[in-house]
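# Examination of the molecular architecture
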Amino acid sequence: MSSVKLKGYRRSDGLFGIRNHVVVMSTVSCANSVVEQIAKIDADIIPITHQHGCTHLGGDREQVLRTLSGTCDNPNVGGVLLIGLGCETANVRRIASRLDRTGKMVETLVIQEIGELRKILDAAHESLRRIKTFVSKQERSDFDLCSLTVGLECGGSDPFSGITANPAVGLVSDKLVDLGATVVLSEIPEMIGAEECLKSRIPDEVVRQKLLGRISEYVQMAKDAGGDMRGANPAAGNIKAGLSTIEEKSLGCIIKGGHSDINELVEYAARPMRKGLVVMDTPGNDPESVTGMVAGGAHLVLFTTGVGTPVGNPVAPVVKISSNTKMYQRMSDFIDIDAGKVVGGTPVKDVANEIFDFLLDVCCGRQTATEVNNCREFAINRIGPDF
Amino acid sequence: MVMEQPENLAECAVTLSDRDNVATALVDLSAGDYVLDSDAGQAMITVPEDIKAGFKLALSDIGNGDPIYKYGYVIGLATEDIRKGCCVHVHNLLSAV
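Residues numbered from 1 in each chain as written. Chains lettered and ligands numbered in written order. Predicted model: local features only at pLDDT ≥ 70, side-chain atom pairs only at ≥ 80, totals over all residues.

### A word on the interface of chain B and chain A
Applicable threshold: Contact definition: two residues whose C-beta atoms, as placed from backbone geometry, lie within 7 Å. The helix count covers DSSP runs of H or I at least four residues long, the strand count covers runs of E at least two residues long, and both are numbered beginning at the N terminus.
With 21 residues of chain B at the contact, the number on the chain A side is 21 residues. In terms of residue count, the dominant contributor to the side of chain B that touches chain A is strand β8 (residues 73-78) of chain B (four residues).

Okay, structure coming up:
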């Protein structure tokens, strides 16, 4: 296939951003209000707050740090102001040091060091002036679509998700993989019952065993928590709407990954090392899953939905695709593309072409519904409790 | 008396792989005869019962215990003999997990 050229902001790690955001992030929840006040006086910045950053143990400590730094590291971010408290685990220096190699302008402010709120807001204003000047000087240049990373998500599925929106996104995934891009399939719990399909598409034995093991772990985790995913899924509502078995439900979900081989299983919020179709270890929770893929470098996310949802992301455009026209008409300003038209006779491949063309437009600056509506959900997946 | 032309099943139900032995109704299907496209050309398929949008119907006779294919993969096993055109759902299909 011939290459597709796009325009983006070149970062010093060789990647290109399709946006040039200035992010102001709290490194711990104690700094959230300060970030919110900075956002009130500066509408140009993207504020990111969350409930984490301290009192984590083991794997959570690294996962939270990786998600926070990965989000700032996303190629769509041009400059960063980190707001810390001073005594937290995920302190500003730990995160800033992970961003050194990116060549982005990263400044830090520590509340306990500066003291009063007025002084902090003044310092933030000064920092942001420098960061915005730096970011405004970054020029857009040509890049090949092969360096693009696209995340896949479905949320609020219905029986049509698996026959309209997801198969259309599956064709887009196949095309992106053919063109050399990286496509990230997520949500391990929604792979339960589709093991046979996944197994046959993972050439690397180690990756295959790792993914199958992880799917089993999710089944066990549900049991340990007092539930049984296989028994409760599909839910009564799914069955009433025509879905029969968990195999049918999961296959309808993963079909958005198309038919390519799966080359890698990456940890939550980690950057894929291999090209083509990869799987990220994320939960079914939509904001957590999207946050993980974007922290892992996804430039944008293709998100299918049956019942409709506003979920977006602070730094990556999320393209919302409806599985049925009724919902599209009711929630039209939250949805970019209606795949429900397949029911009216439009071939799936025509919808796939529409999604692909829209994706190219978004790469070149066209705003998605999530961007227009400032839908900027940010949620970090956690492993254990806080202490 | 005007005879209505039978509708083509491909316009009101979808199959997602050549291997599939069920199609999913895109709209509510009324019981009756439909045109079914196949490799051998066009054939007729009799749908003996109304099938609601989102539900599946058998594209061929399926024996008790045989695998049901959708998306090209097994979504479960038939728990009884299923005649071509009949609805395939939890009453005659069980998860193989």
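And the narrative resumes.
### Points about the nonpolar core
Our working rule: Nonpolar core, as used here: buried Ala, Val, Leu, Ile, Met, Phe, Trp, Tyr and Cys residues forming one set through C-beta atoms within 7 Å. The burial criterion counts other C-beta atoms lying within 10 Å of a residue's C-beta, which is placed from the backbone; the residue is buried at 20 or more, exposed at 12 or fewer, and partly exposed between these limits. Segment limits for the domains were obtained from an automatic or database-derived domain assignment.
Of all hydrophobic cores here, the largest spans 131 residues; its most connected members are Val23, Ala168, Val301, Leu302 and Ile355 of chain A together with Leu57 of chain B. Taken domain by domain, this core gets at least three of its residues from each of domain 1 (5-141) and domain 2 (148-372) of chain A. Counting residues in each nonpolar core, the second largest holds five residues, with Met327, Tyr328, Phe334 and Ile335 of chain A among its members.

### Considering unusual backbone geometry
Residues and elements named next belong to chain A. Its identity as a non-glycine residue notwithstanding, Thr55 has a phi of 55°, on the positive side. Within the secondary structure layout, Thr55 lies in the loop between β4 (46-48) and α2 (58-73). Despite not being glycine, Ala269 shows a phi value in the positive range, around 70°. If you trace the backbone, Ala269 turns up in the loop between β10 (262-266) and β11 (276-280). When the 28 C-beta atoms within 10 Å are taken as the criterion, Ala269 is described as buried.

### With respect to the environment of Gly79 of chain A
Residue and element names in this part refer to chain A. Its place among the elements puts Gly79 in strand β5 (residues 77-84). In this structure the C-alpha to C-alpha distance between Gly79 and Ser136, which are 57 residues apart in sequence, comes to 9.9 Å. The contact partners of Gly79, leaving out residues within four places of it in the chain, are Val22, Lys104, Met105, Ile131, Phe134 and Val135.

### Notes on the sheet that holds strand β6 (residues 105-110) of chain A
All names here are of chain A. Here is the rule: A pair of strands is treated as paired once DSSP finds two or more bridges between them. Only the stretch in contact is used when fitting a helix axis, every axis being a line fitted to C-alpha atoms; angles between N-to-C directions are given from 0 to 180 degrees.
Ordered by their spatial adjacency, four strands build an open sheet running β4-β3-β5-β6, and the pairing between neighbours is parallel. Looking along the sheet, the strands with just one partner apiece sit at the ends: β4 and β6. Strand-to-strand twist in this sheet, taken as the mean axis angle between neighbours without regard to direction, amounts to 20°. By the bridge criterion, six bridges tie β5 to β6 in an arrangement that is parallel. Bridge assignment links Ile83 to a residue of β6, and that residue is Leu109. Lying over the sheet, helix α1 (residues 32-41) contacts β3 (21-26), β4 and β5, oriented at roughly 150° with respect to β3.

### A few points about the environment of Gly292 of chain A
Residue and element names in this part refer to chain A. When you line up the elements, Gly292 lands in helix α12 (residues 286-295). Through-space distance from the C-alpha of Gly292 to that of Ala123 is 31 Å; in sequence the pair is 169 residues apart. Apart from the residues within four sequence positions on either side, Gly292 is in contact with Thr67, Ser186, Tyr268, Ala269, Met280, Thr282 and Asn381.

### A few points about the domain arrangement of chain A
Residue and element names in this part refer to chain A. Where we set the bar: Residues are grouped as follows: Ala, Val, Leu, Ile, Met, Phe, Trp, Tyr, Cys and Pro are nonpolar; Asp, Glu, Lys and Arg are charged; every other residue, Gly included, is polar.
The domain architecture assigned to chain A consists of domain 1 (5-141) and domain 2 (148-372). A separation of 28 Å is found between the C-alpha centroids of domain 1 and domain 2. Listed as interface residues are 17 residues of domain 1 and, on the opposing side, 17 residues of domain 2. Elements with a contribution of two residues or more to the side of domain 1 that touches domain 2: β1 (5-10), β3, β4 and α2. Counting residues per element, the side of domain 1 that touches domain 2 draws most heavily on α2, at five residues. Broken down by class, the residue content of the side of domain 1 that touches domain 2 amounts to seven nonpolar, seven polar and three charged.

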